[in-house]
Amino acid sequence: MRWQEREWEVVEWQGPLVTLVPQEGGEAPRAVSYRWLVGAEDFAVLDTGGAPAAEGAALHGWERQEDREEEAALWQARMVEIDTGLAPGRSEHKQGFGPGTTLAQRCAAMSARLAADGIGCSAHTLADKRRKWKAAGENSVVLLPGTRDRRPGGFTDRRCLAAMQEVVARRAHESDVTIDVVREEVEDLLRSRYAAELGDPAAVAALLPSRSTFYLRMKESGLAEVLAGATRARAALSSTPPLPHGGREAVLRPGQVTQADTTPLRILARGDDGRPTATEMTMLIDVANHSMCALMITPSHAKDAESGRVGRATRAIDLTLMLAQAFAPWPVMPGWDPLSAAATSSLPFGALRAADDRFNEATAARPVIHPELIIYDQGSPYVSEHFKEVCDRLRIARRPARKRTPTDKPLAENFFTTLAHRFSQHVRHGWQGRSHKKRGRGIDRMPLYTIAELQQMAQEWVALEYQRTPDGGLYDPFRPGIKLSPNDMYAVQVARSGYRPVPFSPARNRFFLLPRWVTPGKGGFMIDYRTYQPVAQDAGHYREILLRGGSKLPGSKDQWECRFNPYRPERVWLYDHTAGTWVTCDFRLRHLLTDPWTADMWQEHAERHRAAGGSEEDEEAIALSLAQRDRRRRSRRPPPKRTGTEPPFQGLELETEQPSQDPYAGLEEFDLSTLRPYPAQPISPLAPPPVPAPPALPAGTGGAEPSDSGQAPHPLAALFPDDGDGSTLDASTAGTPTAAYEVVQAELLDDLDPDGDDDDEDEGDVWEM
């Protein structure tokens, strides 16, 4: 790049600072602000095809020069004297450096001088140093001796080192032995394994080092310490698998590495049926600043065969709703402490609000962190296809932790202990204690909290206490000795790494719901024996999908993709991949279920209906049973020692509905006193005479005879027979001209079958009617 009339090379870009190295001359690298750099008048990018420096190779020499300026200056003066014959700042030549001396003579004289000072450096080595020094533009960095990385295991053969570890691992569960016995077993293992390969017995014996070297390698590798440990410690160490992906990496920015885990909360809550239920909590914690990115509390109970109660645990949709928290600010809910707001915390609230308009005065003091890598437990929800798909859409990498190895997720495991000490035990109504022996009496008879109330309490505790408490593992390198809270550490890191909002639209949020492949028909489609039909505004789009036939997607069997939320199953969305749009569909019997309900409640009543001799496909009977349950719940008296029954647990709300547009938004207030009547328009004499409308219904479906009042009946009156109660159609409907229903007739009676086969047409199809 060009800057300040010179050419520079970008070797490092970290946060707001860009490190530059000049193309000409031996000037030291310079760290320049990115905004200052690109704002210069002569700034220009000359080449963008260069490969990045491997592990900061361009800065490696300058890192070695730290705290060694005097040594570098001394070597610089020696090289100048060898090259010119004069030391810097002197006007007379020393002995052996006169004008008539050659370069080889000056190198020999400098070598003799260094030997007199106790520094061993030959003339040939000095000549090589001068050659590198000149090639680097007389840069003194190349003159400093580099720190030689010690080779692990020295020059001992790698096959012998592997055999030593294998023998010690075999002895993990046995009684302790001396190193001599281990050396004999290693020798036997090498002979049996490599005798046929090497052929010569002397070559096999050469793999084993001497006795003293063997003792040294056992001590350096830590095998001697393991061998001297207790049997239980040796067994535990040998059963621990190695770290995945080469070990742990350095974490410098928020979201670079996160850890997710699920654990029992040990707090009883009030379930959907009013009975006590156990709970589980899933959390996502950031490694860089120990901030709580998101947490989710769900009910957990086993299946009850007698009552038909469906078993519950954390599922893939719960993990999706938890990830949705990490990408959006959490609002301050009603009743929270005012100090839980982000405006009163150490977060850079002003800068965050300027970058993301979703931050406002009512935002909780919890940072928004977008995870880049998730280290997760190998539970069934984490390895599900839905969770993988969601992570791929969000560009989140996944790394499974080793089984029975809690050290792979140390922050998550430590947070569970912190949660029990600082939050769970303060929830007196429902706290079960840390073990069964320490559990209190009568917990299930207390007025327990609901799952939603526990969720709000945990969110408030995170914003009010956890994010503000100093952590012993968080320190700022510029302020050593001062413990920082997660919010303080996030403020330090976000100033260097930056923040970019990632808002999701309702249409994109629908891809995070559970997928289901369905076959649309004229009567709709089914999900778990529930029939879904398009809403009125999307009926035309749904008709186009039917006329198009199958989806023609590979591996889909001509089915169409549908997304639904099991916590709010009254509405689903059918995806049209050809146009990239959604078709909104509602449950056919949605009008019967006025109270909140979930797919778990539906499945519970379906199993009860099947146990009573019914069928799971009888959706009307199941819907009526579910509606009657809600009516009984509202009519009966609540238990005397509990609060009133709350709506069922429906997870966290994910914005999937398009907000309705207000047609009067932006209009100024209108003064009604200025309103004047509009004059009636005369009928044009050139207008054609009205043509009598054709019959709205085909022959055989009932006549449309005039009523006693002289008005024509409603054209759809024949489809709704008289109930015998003497009721008549509404006056506003009866007075409507017949021509206004021609479009309705065409939409309802047109054949939707592209093949023209009407033999299997369902006469009782509600959507077609």
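Worth saying up front: this structure is predicted, and the values here are computed from it rather than measured.

### Focus: the side chain of Ser551
On the secondary structure map, Ser551 appears in the loop between helix H19 (539–548) and strand E16 (560–564). For Ser551, a relative accessible area of 4% gives the class buried. Within the local environment of Ser551, its side chain forms a polar contact with the side chain of Ser556, the two groups lying 3.2 Å apart.

### Some words on the sheet that holds strand E3 (residues 17–22)
Strand order in the open sheet formed by 4 strands is E1-E2-E3-E4, with antiparallel pairing between adjacent strands. Looking at which strands have only one partner, the edges of the open sheet turn out to be strand E1 (2–3) and strand E4 (30–33). Where strand E2 (residues 6–14) lies against E3, 6 bridges are found, and the strand directions are antiparallel. Bridge pairing links Gln14 to Leu17 in E3.

### Quick look at the packing of aromatic side chains
Two aromatic rings, taken as a pair, are described by how far apart their centres are and by the angle between their planes. Across all of its chains, the model carries 20 aromatic pairs by this definition. On the basis of an interplanar angle of 70° and a centroid distance of 5.5 Å, the ring pair of Phe504 and Phe512 is categorised as edge-to-face. In this pair, the class of Phe504 matches that of Phe512, namely buried. Pairing Phe525 with Tyr532 gives two aromatic rings, centres 6.2 Å apart and planes at 25°, and the pair type is stacked. A relative accessible area of 2% places Phe525 in the buried class. Exposure remark for Tyr532: the relative accessible area of 0% places this residue in the buried category. One aromatic cluster is present, formed by Phe525, Tyr532, Phe587, Trp597 and Trp602 through successive ring pairs. Here Arg530 stacks its cationic end above the ring of Trp602, 5.6 Å away from the centre of that ring.

### Topic: the environment of Asp538
Within the secondary structure, Asp538 sits in the loop between strand E15 (530–534) and H19. Each C-alpha atom of the pair Asp538 and Trp582 lies 8.9 Å from the other, and the pair is 44 residues apart in sequence. In contact with Asp538, other than residues within four places in its own chain, are Trp582, Val583 and Thr584.

### Here we look at the packing of helix H7 (residues 179–198) against helix H9 (residues 211–220)
Across the interface, H7 lies against H9 with an axial gap of 11 Å and an inter-helix angle of 105°. Relative to H9, the element H7 lies roughly perpendicular. On H9, the residues touching Ile179, Asp180, Val182, Arg183 and Val186 of H7 are Arg211, Phe214, Tyr215 and Met218. Across the contact of H7 with H9, the residue classes break down as 6 nonpolar, no polar and 3 charged.

### Regarding the pairing of strand E5 (residues 258–264)
Within E5, 5 of the 7 residues are buried, leaving the element largely enclosed by the surrounding structure. Examined bridge by bridge, E5 and strand E7 (residues 276–286) share 7 bridges and lie antiparallel to one another. Considered in E7, the bridge of Gln259 is made with Ile285. Bridging between E5 and strand E9 (residues 373–376) involves 3 bridges; their strand directions are parallel. Bridge pairing in E9 places Gln259 opposite Ile375.

### Considerations on a nonpolar patch on the surface
Among the surface-exposed residues, Trp13, Tyr34 and Val38 lie close enough to one another that they form a single nonpolar patch of about 300 Å² accessible area. Looking at the secondary structure, you find Tyr34 in helix H1 (residues 34–38).

### Details of the pattern of salt bridges
Under the counting rule described, the total for this entry stands at 35 salt bridges. With a closest N to O distance of 2.8 Å, Arg353 and Glu361 form a salt bridge. Accessibility expressed as a relative area gives 38% for Arg353, which makes it partly exposed. Ionic contacts of the salt-bridge type, sharing partners, join the residues Asp83, Arg130, Lys134 and Glu138 into one network.

### Some details on the sheet that holds strand E18 (residues 581–587)
Strands sit in the order E13-E16-E17-E18-E15-E14 across an open sheet of 6 strands; the sheet is antiparallel. One side of each edge strand has no neighbouring strand; the edge strands of this open sheet are strand E13 (514–518) and strand E14 (525–527). Pairs of neighbouring strands in the sheet enclose a mean axial angle of 40°, with direction left out of account. For strand E17 (residues 571–576) and E18, the ladder comprises 6 bridges, and the chain directions are antiparallel. The residue of E18 that forms the bridge with Tyr575 is Trp582.

### Here's the deal with the pairing of E17
Along E17, 6 of the 6 residues are buried, which leaves the element largely enclosed by surrounding structure. Of the two faces of E17, the one carrying Arg571, Trp573 and Tyr575 and the one carrying Val572, Leu574 and Asp576 are both buried. Relative to E17, E16 runs antiparallel, the two sharing 3 bridges. Residue pairing across strands places Phe564 opposite Val572, the latter belonging to E17. Linking E16 to E17, which pair antiparallel, is a turn of 6 residues. The hairpin turn running from E17 into E18, its antiparallel successor, is 4 residues long, and Gly580 in that turn takes a positive phi close to 70°.

### Some words on H9
Taken residue by residue, H9 has Phe214, Arg217 and Met218 as its buried positions. End-on, the buried residues of H9 take up no more than an arc of 100°, which puts them together on one face. In H9, the exposed residues that point more than 90 degrees away from the buried face are Ser212 and Lys219. Looking at the packing, one finds that the buried side of H9 touches helix H6 (158–170), H7 and helix H10 (223–227). Following H9 by one or two positions, Gly222 adopts a phi angle in the positive range, close to 80°.

The rules behind the values
Residues numbered from 1 in each chain as written. Predicted model: local features only at pLDDT ≥ 70, side-chain atom pairs only at ≥ 80, totals over all residues. Heavy atoms only, no water. Helix = DSSP H or I, 4+ residues; strand = E, 2+ residues; numbered from the N terminus. Buried < 20%, exposed > 50% of the residue type's maximum accessible area, 1.4 Å probe, protein only. Polar contact = N/O pair within 3.5 Å; in protein donor to acceptor, adjacent residues only side chain to side chain. Pairing = 2+ DSSP bridges. Phe/Tyr/Trp six-rings, centres within 6.5 Å; stacked < 30°, edge-to-face > 60°. Lys NZ or Arg CZ within 6 Å of the ring centre and 35° of its normal. Contact = heavy atoms within 4.5 Å. Axes fitted to C-alpha atoms, helices over the stretch in contact; angles between N-to-C directions. Parallel < 35°, antiparallel > 145°, perpendicular 65-115°, else oblique. Nonpolar A, V, L, I, M, F, W, Y, C, P; charged D, E, K, R; others polar. Patch = residues over 30% accessible without salt bridge, like charges linked within 9 Å, V, L, I, M, F, W, Y side chains within 5 Å. Areas by Shrake-Rupley, 256 points an atom, 1.4 Å probe, with all protein chains shown as cover. Salt bridge = Lys/Arg side-chain N within 4 Å of Asp/Glu carboxyl O. Arc of directions from axis to C-beta.

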